Number of protein chains: 2
Amino acid sequence: MAGSEWASLEQCLEKHLPLGDLQEVKRVLYGKETRKLDLPRRALEAALEGDFELQGYAFEAAKEQQRRPRIVRVGLIQNKILLPTSAPVAEQVSALHRRIEAMAEVAATCGVNIICFQEAWTMPFAFCTREKLPWTEFAESAEDGLTTRFCQKLAKKHNMVVVSPILERDREHGGVLWNTAVVISNSGAVLGKSRKNHIPRVGDFNESTYYMEGNLGHPVFQTQFGRIAVNICYGRHHPLNWLMYSVNGAEIIFNPSATIGELSESLWPIEARNAAIANHCFTCAINRVGQELFPNEFTSGDGKKAHRDFGYFYGSSYVAAPDGSRTPGLSRNQDGLLVAELDLNLCQQMSDIWSFKMTGRYEMYAQELAEAVRPNYTPTVVREDPTSKPACPSGLGGEHRP
Amino acid sequence: MAGSEWASLEQCLEKHLPLGDLQEVKRVLYGKETRKLDLPRRALEAALEGDFELQGYAFEAAKEQQRRPRIVRVGLIQNKILLPTSAPVAEQVSALHRRIEAMAEVAATCGVNIICFQEAWTMPFAFCTREKLPWTEFAESAEDGLTTRFCQKLAKKHNMVVVSPILERDREHGGVLWNTAVVISNSGAVLGKSRKNHIPRVGDFNESTYYMEGNLGHPVFQTQFGRIAVNICYGRHHPLNWLMYSVNGAEIIFNPSATIGELSESLWPIEARNAAIANHCFTCAINRVGQELFPNEFTSGDGKKAHRDFGYFYGSSYVAAPDGSRTPGLSRNQDGLLVAELDLNLCQQMSDIWSFKMTGRYEMYAQELAEAVRPNYTPTVVREDPTSKPACPSGLGGEHRP
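This one's a predicted model, so the numbers in the text were calculated from it and none came from an experiment.

Trainee: Requested: an account of the pattern of salt bridges, with residues and values cited.
Mentor: For the coordinates displayed, the defined rule picks out 46 salt bridges over all chains. A salt bridge links Arg-195 of chain A to Asp-170 of chain A, with the shortest nitrogen-to-oxygen separation between them at 3.3 Å. One end of the pair, Arg-195 of chain A, is in strand 7 (residues 190-195); the other, Asp-170 of chain A, is in strand 5 (residues 161-170), and 25 residues separate them in sequence. Since its relative accessible area comes to 3%, Asp-170 of chain A is described here as buried. One salt bridge connects Glu-341 of chain B with Arg-73 of chain B, and the closest N-O pair in it is separated by 2.8 Å.

Trainee: I'd like a description of the relation of the copies chain A and chain B, backed by residues and values.
Mentor: Mapping chain A onto chain B is achieved by rotating through 180° and translating by 0.0 Å along the same axis, at an RMSD of 0.0 Å. The operation mapping one copy onto its partner corresponds to a two-fold rotation axis. By C-alpha distance to the rotation axis, the residue of chain A lying nearest is Ala-366 of chain A, at 2.3 Å. When the interface residues of chain A are mapped onto chain B, 100% of them are again interface residues, pointing to one common binding face.

Trainee: Go over the nonpolar core, please, and point to the residues and values.
Mentor: In this structure, Ile-252 of chain A together with Ile-252 of chain B are the most contacted members of the largest nonpolar core, which totals 128 residues. Ile-252 of chain B has contacts with Val-72, Val-74, Ile-114, Arg-227, Ile-228, Ala-229, Phe-282, Cys-284, Leu-342 and Leu-344 of chain B, leaving out every residue within four places of it along the chain.

Trainee: How would you summarise the interface of chain A and chain B if you had to cite specific residues and measurements?
Mentor: Facing the 98 residues of chain A at the interface are 98 residues of chain B. Here chain A packs against chain B, burying approximately 8900 Å² in sum over the two surfaces, 64% of which is carbon and sulfur. At the boundary of chain A and chain B, one finds two salt bridges. Ionic pairing is found between Glu-265 of chain A and Arg-27 of chain B, a salt bridge with its closest N-O pair at 2.9 Å. Where chain A touches chain B, the interface holds 42 residue pairs in polar contact (both at pLDDT 80 or more).

Trainee: How would you sum up the side chain of Thr-147 of chain A? Please name residues and give values.
Mentor: You can see Thr-147 of chain A is positioned in helix 5 (residues 146-158). Once residues within four sequence positions are removed from consideration, Thr-147 of chain A is found in contact with Val-93, His-97, Trp-121, Thr-122, Glu-140, Ser-164 and Ile-166 of chain A.

Trainee: How would you explain the packing of aromatic side chains if you had to name every residue and give the values?
Mentor: Ring pairs (aromatic) are described by centroid distance and by the angle formed between their planes. Going through the model one piece at a time under the given rule, you end up with 36 aromatic pairs over all chains. Aromatic side chains Phe-127 of chain A and Tyr-211 of chain A sit 5.5 Å apart centroid to centroid with 85° between the ring planes, which places their arrangement in the edge-to-face category. Of this pair, Phe-127 of chain A sits in the loop between strand 4 (114-116) and helix 5 while Tyr-211 of chain A sits in the loop between strand 7 and strand 8 (220-223); the two residues are 84 residues apart in sequence, bridging distant segments of the chain. By the burial criterion, Phe-127 of chain A is buried, and Tyr-211 of chain A matches it. Where Phe-125 of chain B meets Phe-127 of chain B, the ring centres are 4.9 Å apart and the plane angle is 90°; that geometry is what we call edge-to-face. The exposure classification of Phe-125 of chain B matches that of Phe-127 of chain B, with both residues buried. Across the ring face of Phe-313 of chain B, the terminal group of Arg-288 of chain B is positioned such that the distance to the ring centre comes to 5.8 Å.

About the thresholds
- Residues numbered from 1 in each chain as written.
- Chains lettered and ligands numbered in written order.
- Predicted model: local features only at pLDDT ≥ 70, side-chain atom pairs only at ≥ 80, totals over all residues.
- Heavy atoms only, no water.
- Salt bridge = Lys/Arg side-chain N within 4 Å of Asp/Glu carboxyl O.
- Helix = DSSP H or I, 4+ residues; strand = E, 2+ residues; numbered from the N terminus.
- Buried < 20%, exposed > 50% of the residue type's maximum accessible area, 1.4 Å probe, protein only.
- Least-squares fit on C-alpha atoms with pLDDT ≥ 70 in both.
- Contact = heavy atoms within 4.5 Å.
- Core = buried A, V, L, I, M, F, W, Y, C linked by side-chain atoms within 4.5 Å.
- Buried area = accessible area lost by both parts, 1.4 Å probe.
- Polar contact = N/O pair within 3.5 Å; in protein donor to acceptor, adjacent residues only side chain to side chain.
- Phe/Tyr/Trp six-rings, centres within 6.5 Å; stacked < 30°, edge-to-face > 60°.
- Lys NZ or Arg CZ within 6 Å of the ring centre and 35° of its normal.

So this is what it looks like as structure tokens:
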């Protein structure tokens, strides 16, 4: 199927499984159950009226003596585009601003402290077309573009940190494009930005035609509500990208994305969740929803006929915790706001239990990677021929031969 | 529950879900469906008689013009210990040798080319006790111990590569212990060994009391059937460990493990599978089964009363492919042999599609990690206070301030 006909894994399991089995399935699939949040009635009503799903869950941590609980509520928004992709650029942007403004209002009612929108949220995901105009006209200054100013107002109004992933036009560096997340403090000030570190060359994700690999490293943003980072889309396939945000201290890593059913749906529940486990942090995976049709047909390098649609964006946004537990996903076919209450103390607690950073041997890996990227690197391969000697990287000691 | 009462996720889903929904659930959970292997009747009969589960699945790759399919069958064995842990060491080892010999015989009947046993397969997982004798008496020479000689015979008889994870006594280096996998060629020769690179300090996994972090780096073994590596147990939580085996060319990475329900069951389907996706290789996750009781009681650092059992080893061994698909797991409560037919061409095919190695920016990460391990490292943290300047690692360019 992989289209909109099927709402979600969780809804299906809840419908068919007897309670005892459902509990076991959830335990094996999701770990410790997350508590359902009791959200304000007027938020639920507004969501119903606004035709979007609203779900809320809480992750808990153990009580400590020396630290208070560090409770923060994050909001993840997934949404369809609103106007046809042939509508004037300014109208498309404006319609999305209005939609997100309304959804953020509900998030505020739910007490959300940090909100994150989907990747390139002000535009259709037009990189499949390989056309430049009009799509590059969606690009804006990260520092003072229309969308950043919109988000600053939102942040100030709701006392909310806003993570706003946009197509950036970088006027200070030759006017090039970047795929960038702007982080806006709850004060309304632009705190900084984070750029997509890994650019796909897969399927219709022709993004390398538009912008290059990010050059800002792995910044972490100290907000009033905790230390956050943004790993944009394809960076979720790269464990080292998550790791470096975590090494720099991120407690919550947002992963605003745009990905489609045929390509990635079975990978989606795995990667961000693995990152939460491996890095003792919370991860928030956000995907857009629905089908986007473009004015001109294009081919996809798969031998199939030219077409005008970019697969099916399957939503399914979720939050994963450092203990490996996770929320259910938002639906595959509807706009949605996922509210998750996190106790950030869980990060250090899980780190103290599992100790992946302490046992990570990063010094060894820094050496091994530095060797491995050299043009003359010889991989450590052990062969049966007794005259061959295995290469021995980083002076770690040779392989003992029989 | 987390005990033996519940057989497996897959059995539960197949029992309760209508066919259409089952297909969607499997698609979202497991990706492309694996084909069931038609195993020889006499293997199925032998498994029934030997009271162990036998399952077989095949992963397929696209046809290529310039390479033939590179078909290999791997066998994963999960098993309970056989004698009480109070039985004489030699008898316990001997009983396990006989059991594995019989299961390997069935694997041979199924055409298995490479077989891997569970972690420390010749012994109970006694590290929970923190006692030395008699458990350290299970340690053997990797090069010419009783178990290695047993495996050499097995390998030669069945023309099968054998991966034999044991507790190693290293006589050449002061007689210390290691957690080691011995790799034996199908010729019967000891090809080499791989040591556990990351040692846990979690729950009852008191292994750091017995042996240290491996010093052999990330060797890959060129066998007649493909390039293999062994990431032992706790190394599965460390994405860099998987990565370096893959950088050295591993097409199949075995993960012989011993892990229990309460600690890790919801992480189990995530980590090895994420590694298969992230590294464009096959991963084979093997866990032991059942409950092990020890002669003397011990506590677990969890405030609970002293006890004699080491949790519940939940089996659930599985194989994951580079396209993110996976086999169902073996059961949670029974000995089992999982046969998986792999077309190793799928590794390069998925690498060419997704390009994670090409887009991995390892040079940047080698630099960033080298910086991050320095005692005076300052994480890249962006703060709102305009007088603070974010640190800028590796000359990657500073954070642009608003």
